[in-house]
Amino acid sequence: MSPAATAAATSFAAAAATAAPTAPSRGCVRLPFRGGPGAPRRAVASMAVSTPRSAAAASFLERRESERALHFVKYQGLGNDFIMVDNRDSSEPKVTPEEAAKLCDRNFGIGADGVIFVMPGTNGADYTMRIFNSDGSEPEMCGNGVRCFARFIAELENLQGTHSFTIHTGAGLIIPEIQSDGQVKVDMGEPILSGPDIPTKLLATKNKAVVQAELEVEGLTWHVTCVSMGNPHCVTFGAKDLKALQVDDLKLSEIGPKFEHHQMFPARTNTEFVQVLSRSHLKMRVWERGAGATLACGTGACAVVVAAVLEGRAERKCVVDLPGGPLEIEWREDDNHVYMTGPAEAVFYGSVVH
Ligand SMILES: N[C@@H](CCC[C@H](N)C(=O)O)C(=O)O
């Protein structure tokens, strides 16, 4: 994927700026916003552009019509942003991990925390979700991504109102439900607590789970609880001999990678740093495996509530504040499933040529 083959809205802006004036009845290149300020940016064009066309406009149109054009919609869930690709016609992702990394680059590409593919269902599920992180690695699951996925399906299938889907993921079957207010509630399944299955080499400390285990990072002994929501998470409320974490004070980009690549995590790890505001209100920052500091992490927020319950710090139903906004998380006692509720919205439509 050539970095020069930038998002269509960018190319489109250039094309529109240089296109010769046209009579409205013959069509015009219209830029791009429909609806109010909150409405998604849509690179919308009436394509009957009258001659003469400028070179920029011509090359834009050729690229747009090329068979190699990849159309995408950018979605975000609490600022965790994804390039969504309609991949319903194939079980092979339309872009490679290397291309995904380039697309996610915030300077030389579109910019995103990951690329998500809507694929045909497998194992009886309605759809399959695959995702590449912004470094090109492939995680098993993505909580904010699955909310975006549900809203993207509704858009593709032109569905209005409440709907739920079964989605096959690397973490098993995940069930998002679009609610009447547009929020998406997701049955995220059961947390995995056994060390080798997370995976972590840290030894179990409590009923086969790794709870408040000691982990040496940067000369400090951190207390960590490890949880998999299909993907691995290391949750910490602080280090020995330090007072309670003030998450805003953390130097995340320095400390985050030390956890991510720690030898105790053979598949690397996502790490959540958490401050307890009350027994039903937590505040966290996240360093994501393969994506770095992001504004939100849905699986991370679920892991945080599970860890807080295991450590006796919080109730099973909490609001979790992330830099991008709050998520409602509940770890239900009756079915052992974790439920996550939060927003997801389309913010940008475009195309790239690869
Ligand atoms: N942001 C996501 C998690 C994405 C995957 C993660 N980086 C990993 O490698 O496991 C979420 O909202 O859950």
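This is a predicted model, so every value here is computed, not measured.

Quick notes on the rules
Residues numbered from 1 in each chain as written. Predicted model: local features only at pLDDT ≥ 70, side-chain atom pairs only at ≥ 80, totals over all residues. Helix = DSSP H or I, 4+ residues; strand = E, 2+ residues; numbered from the N terminus. Buried ≥ 20, exposed ≤ 12 C-beta atoms within 10 Å, placed from the backbone. Contact = placed C-beta atoms within 7 Å. Near = placed C-beta within 6 Å. Nonpolar A, V, L, I, M, F, W, Y, C, P; charged D, E, K, R; others polar. pLDDT = per-residue confidence, 0-100. Expected span 1.5 Å × (residues − 1). Pairing = 2+ DSSP bridges. Right-handed = clockwise from strand over helix to strand, strands pointing away. Core = buried A, V, L, I, M, F, W, Y, C linked by C-beta atoms within 7 Å. Axes fitted to C-alpha atoms, helices over the stretch in contact; angles between N-to-C directions. Parallel < 35°, antiparallel > 145°, perpendicular 65-115°, else oblique.

**Here we look at the overall build of the protein**
Phase 1: The helix and strand inventory of the protein stands at six helices and 18 strands.
Phase 2: Counting over 354 residues, the protein shows a buried share of 45%.
Phase 3: Pairs at least 24 apart in sequence give 64% of the contacts found in the protein among residues at least 6 apart.

**A closer look at the environment of Thr 221**
Phase 1: The topology assignment puts Thr 221 in strand S10 (residues 220-228).
Phase 2: On the basis of neighbour count, Thr 221 is assigned to the partly exposed category, with 13 C-beta atoms found within 10 Å.
Phase 3: Expressed as a C-alpha distance, the spacing of Thr 221 and Gly 298, which sit 77 residues apart in the sequence, is 27 Å.
Phase 4: With near-sequence residues (within four places) excluded, Thr 221 lies in contact with Glu 214, Glu 216, Ala 239 and Lys 240.

**Some remarks on the site of the ligand**
Phase 1: Close to the ligand lie 18 residues; Pro 139, Gly 143, Asn 231, Gly 298 and Thr 299 are nearest.
Phase 2: Class assignment for the residues of the shell around the ligand results in four nonpolar, twelve polar and two charged.

**Examining unusual backbone geometry**
Phase 1: Following Ile 198, the chain continues into Pro 199 via a peptide bond in cis, with omega recorded as 0°.
Phase 2: Here Pro 199 lies in the loop between strand S8 (184-187) and strand S9 (213-217).
Phase 3: Within the chain, Leu 78 stands out as a residue other than glycine whose phi angle is a positive 55°.
Phase 4: Mapped onto the elements, Leu 78 comes out in the loop between strand S1 (69-77) and strand S2 (80-86).

**Re the confidence of the model for the protein**
Phase 1: This prediction gives the protein a mean pLDDT of 86; 81% of its residues lie at or above 70.
Phase 2: Here residues 1-52 scores under 50 on pLDDT; set against residues more than four positions off or in separate chains, the count is 87 contacts.
Phase 3: Here the predicted complex carries an ipTM of 0.99, next to a pTM of 0.85.

**A short note on helix H3 (residues 97-104)**
Phase 1: Across the eight residues of H3, six count as buried, placing the element largely inside the fold.
Phase 2: For H3, the complete set of buried residues consists of Glu 99, Ala 100, Ala 101, Lys 102, Leu 103 and Cys 104.
Phase 3: For H3, the secondary structure elements touched by its buried residues are S2, strand S3 (114-120), strand S4 (127-133) and strand S18 (345-353).

**Brief notes about helix H6 (residues 298-310)**
Phase 1: For H6, built from 13 residues, the straight-helix expectation of 18 Å at 1.5 Å per residue is met to within 8% by its first-to-last C-alpha distance of 19 Å.
Phase 2: In terms of burial, H6 is a largely internal element, twelve of the 13 residues being buried.
Phase 3: All buried positions along H6 are accounted for by Gly 298, Thr 299, Gly 300, Ala 301, Cys 302, Ala 303, Val 304, Val 305, Val 306, Ala 307, Ala 308 and Leu 310.
Phase 4: Count one or two residues on from H6 and you reach Gly 312, which has phi positive near 75°.

**A short note on the pairing of S4**
In regular strands, side chains alternate between the two faces of the sheet.
Phase 1: In terms of residue burial, S4 counts as a mostly covered element, since six of its seven residues are buried.
Phase 2: Across seven bridges, the pairing between S3 and S4 is antiparallel. Opposite Val 115, over in S4, you have Phe 132 as the bridge partner.
Phase 3: Between S3 and S4, which pair antiparallel and follow one another directly, the connecting turn spans six residues, one of which, Asn 123, has a positive phi of 55°.
Phase 4: With two bridges connecting them, S4 and strand S6 (residues 167-169) associate as parallel partners. In the strand pairing of S6, Tyr 127 is matched with Ile 167.

**A closer look at the pairing of S3**
Phase 1: A large share of S3 lies buried, amounting to five of its seven residues.
Phase 2: Pairing analysis gives five bridges linking S2 to S3, with the strands arranged parallel. Following the sheet pairing, Ile 83 is matched in S3 by Val 115.
Phase 3: Once the chain exits S2 it traverses H3 before rejoining the sheet at S3, and the crossover so formed is right-handed.

**Notes on the nonpolar core**
Soluble globular proteins tend to pack their nonpolar side chains together in the buried interior.
Phase 1: Judged by nonpolar contacts, the single largest core of 90 residues is most densely connected at Val 115, Ala 301, Val 304 and Val 305.
Phase 2: For this core, the leading source of residues is H6, giving nine residues.
Phase 3: Each residue touching Val 305, except ones within four places of it in the same chain, is listed here: Ala 314, Cys 318, Val 320, Ile 329 and Trp 331.

**Concerning the environment of Arg 130**
Phase 1: Here Arg 130 lies in strand S4.
Phase 2: Discounting chain neighbours no more than four positions away, the residues touching Arg 130 are Pro 93, Phe 117, Met 119 and Glu 138.

**Some points on the packing of helix H4 (residues 143-156) against H6**
Phase 1: As a packed pair, H4 and H6 sit with axes 5 Å apart at the nearest point and diverge in direction by 130°. One finds that H4 runs oblique with respect to H6. Mapping the contact onto sequence places Gly 143, Asn 144 and Arg 147 in H4 and Gly 298, Thr 299, Ala 301 and Cys 302 in H6.
Phase 2: Here the contact of H4 with H6 is composed, by residue class, of two nonpolar, four polar and one charged.

**Focus: the environment of Gly 143**
Phase 1: Within the secondary structure layout, Gly 143 lies in helix H4.
Phase 2: Along the chain, Gly 143 and Ile 192 lie 49 residues apart, while their C-alpha atoms are 15 Å from each other.
Phase 3: If we skip the residues at most four places from it in the chain, Gly 143 touches Val 186, Met 188, Cys 297, Gly 298, Thr 299, Ala 301, Cys 302 and Met 340.

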